Amino acid sequence: MKEDSQGMLEQEILSQEGAIEMEYTWPAGASYEKFLLALKEGKIIGSKCKNCNTVSVPPWLFCERCQSPTEDWPEVPDQGEVRAFTIIRKPMRHQPLEPPFAIALIRLDGTDTDFVHIIRGEHLSGLNPGVKVKAVWALDKKPDIFAILGFRPCANTGLEKW
C-alpha cells in the first residue's frame, strides 16, 4: 500500500478472470406460464393486486409490494418508457444477438414495475432514461420471451431506426 497526495492509503484491488457456463431448464410456474402463452398470442399480461392495485410485468402470484395474492391478469400495452439501461458493445457467448444492443428496464404503460428486455437500434448512443419504446414482435411467435424480438424507440424520438 502507498499513500496518495492527500495522505489516503491506496490499495490495489485484486481480481481474477473466469467464466462459469451452466445450461439449465426450469419450470415456468403458474404465473410465468400464463405470461409466456400470452406472448405467443402477441399480448403482454401482468398481474394486478386487488389490495394495492400494483400491476406487475411479468406477472406474479403474489404482489411484490404487499405480498397479497394476485388474481387479475390484465393485458398491458406493448410500449413504455426506458427507466435504466446498459449498452452492450462487446460480443460474448450466450448473448441473444450481436452487439450493439441495450439491456433495459422498461416501465410498460399502465404498470408499476420494470420489465427487462432488449432495445435495438442504430442510435443507441442517444438513448436516455425517459425515451418511449415499443415492442417489435416476432412473426413466428413461440411461448418464449423472444416472441418480443426487442423494443425500439417510438416515432418522434429521433432514435427510430431499428
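Residues numbered from 1 in each chain as written. Predicted model: local features only at pLDDT ≥ 70, side-chain atom pairs only at ≥ 80, totals over all residues. Heavy atoms only, no water.

1. Notes on the overall build of the protein chain
Along its length, the protein chain carries one helix and twelve strands. In the protein chain, the order of α-helices and β-strands from amino to carboxyl end is β-β-α-β-β-β-β-β-β-β-β-β-β. Its C-alpha radius of gyration of 20 Å places the protein chain more than 25% over the 15 Å reference for a compact globule of 162 residues. Dimensions of the protein chain, computed from the C-alpha atoms along their principal axes, are close to 60 × 40 × 35 Å. Counting only residues that meet the buried cut, the protein chain has 33% of its 162 residues in that class. For the protein chain, the proportion of contacts with a sequence separation of at least 24, taken over those separated by at least 6, is 51%. Accessible surface computed for the protein chain: about 10,900 Å², of which carbon and sulfur atoms make up 52%. (Helix = DSSP H or I, 4+ residues; strand = E, 2+ residues; numbered from the N terminus. Rg over C-alpha atoms; globule rule 2.2 N^0.38 Å. Buried < 20%, exposed > 50% of the residue type's maximum accessible area, 1.4 Å probe, protein only. Contact = heavy atoms within 4.5 Å. Areas by Shrake-Rupley, 256 points an atom, 1.4 Å probe, with all protein chains shown as cover.)

2. Details of the packing of aromatic side chains
On inspection of all chains with the given rule, the structure shows three aromatic pairs. Ring plane angle 80° and centroid distance 6.0 Å describe the contact between Phe-35 and Phe-115, whose orientation is recorded as edge-to-face. Linking Phe-35 in helix α1 (residues 29–40) with Phe-115 in strand β10 (residues 115–119), this pair joins segments that are 80 residues apart in sequence. Note on accessibility: Phe-35 and Phe-115 belong to one class, buried. (Phe/Tyr/Trp six-rings, centres within 6.5 Å; stacked < 30°, edge-to-face > 60°.)

3. What about the environment of Ile-87?
Residue position: Ile-87 is located in strand β8 (residues 79–88). Along the primary structure Ile-87 and Ser-125 are separated by 38 residues, whereas in three dimensions their C-alpha atoms are 8.3 Å apart. Discounting chain neighbours no more than four positions away, the residues touching Ile-87 are Phe-101, Ala-102, Leu-124 and Ser-125.

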